[in-house]
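Geometric and topological summary
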2 protein chains.
Amino acid sequence: MRTAILTVGTEILFGQIVNTNAAFLSQELNNLGFDVMYHYSVGDNPERLEELIHLAFRDCDMIITTGGLGPTQDDLTKEVITKAMGDELVVNEEALRALKDRYEKVNRPMTENNLKQANLPSSAEILPNDQGTAPGFWLEKNGKIIVSLPGPPREMTNMFNKQVRPRLKRLQDSVIYYRILRSFGLGESKMETVLLPLIDGQTDPTIATYAKEGECSLRIASKRATSDEAEAAVDRMTKEVLDIIGDYVYSLDNEELIDVVGKLLKDKNISVSCAESCTGGLFAGALTGIDGISQVFERGIVTYSNRAKMEELGVSASTLEQFGAVSRETATEMAEGLRAKTGSDLCISVTGIAGPGGGSEEKPVGLVFIGICYEGKTDVIKTQMRNVNRNWNRNYAVLNMLHEIYKRIK
Amino acid sequence: MRTAILTVGTEILFGQIVNTNAAFLSQELNNLGFDVMYHYSVGDNPERLEELIHLAFRDCDMIITTGGLGPTQDDLTKEVITKAMGDELVVNEEALRALKDRYEKVNRPMTENNLKQANLPSSAEILPNDQGTAPGFWLEKNGKIIVSLPGPPREMTNMFNKQVRPRLKRLQDSVIYYRILRSFGLGESKMETVLLPLIDGQTDPTIATYAKEGECSLRIASKRATSDEAEAAVDRMTKEVLDIIGDYVYSLDNEELIDVVGKLLKDKNISVSCAESCTGGLFAGALTGIDGISQVFERGIVTYSNRAKMEELGVSASTLEQFGAVSRETATEMAEGLRAKTGSDLCISVTGIAGPGGGSEEKPVGLVFIGICYEGKTDVIKTQMRNVNRNWNRNYAVLNMLHEIYKRIK
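All values reported here derive from a predicted model rather than from experimental measurement.

**What to know about the overall build of chain A**
On a plain count of helices and strands, chain A comes out with 15 helices and 17 strands. Across the 410 residues in chain A, those meeting the buried criterion constitute 48%. Sequence separation of 24 or more characterises 64% of the internal contacts of chain A that already satisfy a separation of 6 or more.

**Comments concerning helix α12 (residues 306-313) of chain A**
Helical geometry note: an α-helix holds 3.6 residues per turn, so side chains three or four residues apart project in the same direction. Regarding α12 of chain A, the residues found buried are A308, K309, E312 and L313 of chain A. Down the axis of α12 of chain A, the buried side of the element spans an arc of 105 degrees, and every buried residue falls inside it. Close packing links the buried residues of α12 of chain A with β13 (272-276), β14 (297-303), α13 (317-323) and α14 (328-342) of chain A together with β14 (297-303) of chain B. Directly after α12 of chain A, the chain includes G314 of chain A, whose backbone phi takes a positive value near 70 degrees.

**A short note on the pairing of β14 of chain A**
The buried fraction of β14 of chain A is high, at seven of seven residues. Assessed by its sense of winding, the connection that carries the chain from β13 of chain A through helix α11 (residues 282-287) of chain A to β14 of chain A is right-handed. Of the pairings in the sheet, the one linking β14 of chain A to β14 of chain B comprises five bridges and is antiparallel in character. If you follow I301 of chain A over to β14 of chain B, its bridge partner there is I301 of chain B.

**A word on the sheet that holds strand β12 (residues 249-251) of chain B**
Residues and elements named next belong to chain B. Here four strands make up an open sheet; going across it, the order is β10-β11-β9-β12 and the pairing antiparallel. The open sheet has two free edges, formed respectively by β10 (206-212) and β12, since each of these has just one partner strand. Strand-to-strand twist in this sheet, taken as the mean axis angle between neighbours without regard to direction, amounts to 35 degrees. Of the pairings in the sheet, the one linking strand β9 (residues 175-184) to β12 comprises two bridges and is antiparallel in character. In the strand pairing of β12, S183 is matched with V249. Its contacts with the sheet put helix α9 (residues 227-245) on β9, β11 (215-224) and β12, and the angle it makes with β11 is roughly 150 degrees.

**A look at the environment of E276 of chain B**
Residues and elements named next belong to chain B. Residue position: E276 is located in strand β13 (residues 272-276). E276 gets classed as buried once you count the C-beta atoms within 10 Å, which come to 32. Taking C-alpha positions, E276 is 9.6 Å from A335, a pair spaced 59 residues apart along the chain.

**Comments concerning the packing of helix α3 (residues 46-59) of chain B against helix α4 (residues 77-84) of chain B**
All names here are of chain B. Running from N to C, α3 and α4 cross one another at 50 degrees; their axes reach a closest spacing of 9 Å. Overall, the two elements α3 and α4 adopt an arrangement that is oblique. Handedness of the crossing formed by α3 with α4: right-handed. Contacts between α3 and α4 pair P46, L49, E50, I53 and H54 from the former with T77, V80, I81, K83 and A84 from the latter. Broken down by class, the residue content of the contact of α3 with α4 amounts to six nonpolar, two polar and two charged.

**Observations concerning the domain arrangement of chain A**
The domain architecture assigned to chain A consists of domain 1 (2-171), domain 2 (175-251) and domain 3 (257-409). Computed over C-alpha atoms only, the centres of domain 1 of chain A and domain 3 of chain A are separated by 43 Å.

**Regarding the environment of F184 of chain A**
Of note, F184 of chain A is situated in strand β9 (residues 175-184). Separated by 66 residues in the primary sequence, F184 of chain A and Y250 of chain A have C-alpha atoms spaced 7.3 Å apart.

**Topic: the sheet that holds β13 of chain A**
Overall, mixed pairing links the ten strands, which are arranged β17(A)-β16(A)-β15(A)-β13(A)-β14(A)-β14(B)-β13(B)-β15(B)-β16(B)-β17(B) in an open sheet. The sheet terminates laterally at β17 (377-384) of chain A together with β17 (377-384) of chain B, the two strands that pair on one side only. The mean inter-strand angle of the sheet, taken between neighbouring strand axes irrespective of direction, is 10 degrees. Sheet topology note: the β13 of chain A/β14 of chain A ladder contains five bridges and is parallel. Along β14 of chain A, the bridge assignment pairs E276 of chain A with V302 of chain A. Sitting on the sheet, α14 of chain A touches β13, β14, β15 (346-352), β16 (367-374) and β17 of chain A, and the angle it makes with β15 of chain A is about 150 degrees. On top of the sheet, helix α14 (residues 328-342) of chain B reaches β13, β14, β15 (346-352), β16 (367-374) and β17 of chain B; it is set at about 150 degrees to β15 of chain B, its chief contact.

**Brief notes about the nonpolar core**
Among the nonpolar cores identified, the biggest contains 100 residues, and I348 of chain A together with I348 of chain B are the most heavily contacted of them. By size, the runner-up hydrophobic cluster in this structure holds 89 residues, among which are I63, I146, V147 and M159 of chain A.

**What to know about the interface of chain B and chain A**
Contact with chain B, which involves 56 residues of that partner, is made by 56 residues of chain A. Tallied by class, residues from the side of chain B that touches chain A come to 24 nonpolar, 23 polar and nine charged.

**Topic: unusual backbone geometry**
Here the amide bond leading from G355 of chain A into P356 of chain A is cis, since omega sits at 0 degrees, within 30 degrees of zero. Of note, P356 of chain A is situated in the loop between β15 and β16. Omega for the bond connecting D204 of chain B with P205 of chain B falls within 30 degrees of zero, at -5 degrees, which places this linkage in the cis form. Summarising the element assignment, P205 of chain B is placed in the loop between α8 (188-199) and β10. We note that E375 of chain B has phi near 50 degrees; this positive angle belongs to a residue other than glycine. Structurally, E375 of chain B can be placed in the loop between β16 and β17. A count of 10 C-beta atoms within 10 Å places E375 of chain B in the exposed class.

**Describing the confidence of the model for chain A**
Summary statistics for chain A give a mean pLDDT of 93 and a share of 99% for residues scoring 70 or more. Scoring of the predicted complex yields 0.80 for pTM and 0.79 for ipTM.

**Focus: the environment of T330 of chain B**
Residue and element names in this part refer to chain B. Within the secondary structure, T330 is located in helix α14. The spacing of T330 and G136 is 194 residues in sequence and 63 Å in space, taken between C-alpha atoms. Once you skip the residues sitting within four places of it in the chain, T330 turns out to touch V315, T319, L320, F323, A325 and T351.

Thresholds applied
Residues numbered from 1 in each chain as written. Chains lettered and ligands numbered in written order. Predicted model: local features only at pLDDT ≥ 70, side-chain atom pairs only at ≥ 80, totals over all residues. Helix = DSSP H or I, 4+ residues; strand = E, 2+ residues; numbered from the N terminus. Buried ≥ 20, exposed ≤ 12 C-beta atoms within 10 Å, placed from the backbone. Contact = placed C-beta atoms within 7 Å. Arc of directions from axis to C-beta. Right-handed = clockwise from strand over helix to strand, strands pointing away. Pairing = 2+ DSSP bridges. Axes fitted to C-alpha atoms, helices over the stretch in contact; angles between N-to-C directions. Parallel < 35°, antiparallel > 145°, perpendicular 65-115°, else oblique. Left-handed = near helix turned anticlockwise from the far one by under 90°. Nonpolar A, V, L, I, M, F, W, Y, C, P; charged D, E, K, R; others polar. Domains from an automatic or database assignment. Core = buried A, V, L, I, M, F, W, Y, C linked by C-beta atoms within 7 Å. pLDDT = per-residue confidence, 0-100.

Written as structure tokens, this is what we have:
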């Protein structure tokens, strides 16, 4: 089905936000076998928005819009779609109830302009919003479909995942089955090279690679008459892929590394503590994002200063002086000091140079030492990451820590 | 001048890349006083691309394209623009020379398909590319302007900065000046309500509000004949806005709260340590994202378990038993224990219920206590956040912590 994505909001045309909504929707629609023909972005202007809707429907059967559903004066998407589709706006009782509930729950008065969020086109199905106040809607009329979603990415993706994807699946004309593998430690072009014999001349299943912040995903997709056939074809190809790059793959189901590691720690009931220097709390912050992790996560220490490394973890002054804070020896003493203090099954430390300053010829920005005490021994892993920027370097160090844990507990 | 941005490339419609080019160009054009009316994205398809060019010129005087200028078969932008503008493609001698030079310099043979990069529309001015092989061009014909830039962001931004911005400046008919204010603690619709007297009936300066993850931004913009007039108009309106919501505004220059707080801590040389429970390291992780923060950040303790709260911070067992880990009393003892341990000028603690589990009628998900030891006294702030989800609740708790610090040290 030919689809257009129409993102609404002056902030897009001002360049104040980068249009991640269009990218997310494109990925999801392509995965489901829909053809995305156009992205359009327009400001909060009713005439231009209406013209784009008519234009998109000349060439497409479906439009997905984001933005302009909120309570403020310049939120006009719903009004314009209603007019363009020859419908009328009516109070939707379900939307009104949800809105009132929401305001009651947070104990805030509902202002008059909030009420307009309960209006929907009369032929529309409501798409409830459990992350915000503005509901979305699904409108089919005269053989065309328009799906209207809120602009804030968190609300939009949540509504898409819960409400839109299941409806789109019912519209598929052939069955696409796909699986997304996640890997760590192998670059995209290296991966493409080693998989070339499988990728080349392959029409179904197709294999596509995507690089993403130090990780690489692999999408294996098959389009067949039945879902059983498609799934079997994907299974066969997955096996061939794993024969080649199995060592790098940590998920067959498009999971984040943090989720895979968090689940393993909980399932195997491995208690864990961490001592961080260059990542400054990001590792603990990522791990504690996992619901229920308090079952195994004991504590984290962010020893940013040398004094903190000595006082909290018993790193010796002579080690810091002789080898420096960023060294194999300091990483070892941090992990072992943490282990002595907490007794956690797995104690992990990290020290490195996040940049932009602080690097030297001998110890360049991106140098990281990770210490792990686990099952009676201490390993130290030295990694020289390529230096992208402080933010990337810190996040990539966290991914390295997670991957080192993964390799040991999988 | 009314402008459309047209980004070309199948990878955009597949969602493989996020369209940062459109955001960059939008910001730059708006800053120069050009009105960006539309973003269009289309794949490497000549018919649809040509149709969009005609469509954009119905409403706009200028189109800026990115992408599709390279040597491969699916790079068609130049060919399509030439046809749409009624021009013809000719070998551009300057482009040919630059191309040959480039290949000689990197000592690589130039293949036949690379030659096509030297073809340009006969009426076009070449825009040299010193970051890659494909030149861009500037084409004026029949009162319309089309500017064609390469797709790779580094090449595109470099060409824009060196070649396009100076040409655009010559075309300016008015000047836009704008300022973005950032606020915390006031919702978007509440802000609109209190600012309604200023927003209503206001044509210049314009005021627009944007909600963003618990914060709210306010853009005040003026379009005048000279930049001095525009700036003065924005200054006057800023003053009126601050008279109403000044207590909530933490930046007049579109800075993040974390950057404002980090800068204040560094400038005033206030040493800081933190003790986190529900945020699990996110506060320390955010603060240590600031380059140079090691000058003032001493340490962070993530006391996730009760045992850690007692051992690391000296929280008493009886406090934990009588009042619970999420309580005013525990937040106080955490902050004071941290202060006793580190001696940092500012010690901040946080304990709360991040959810989704762990809430009760008495202590619902979203309840957070923040303790601050600063200048000889300890404050505890109780906040009941609306419960969005674990991730949001944790990040919003961090924003609350930053804002409490901001209020005390600004």
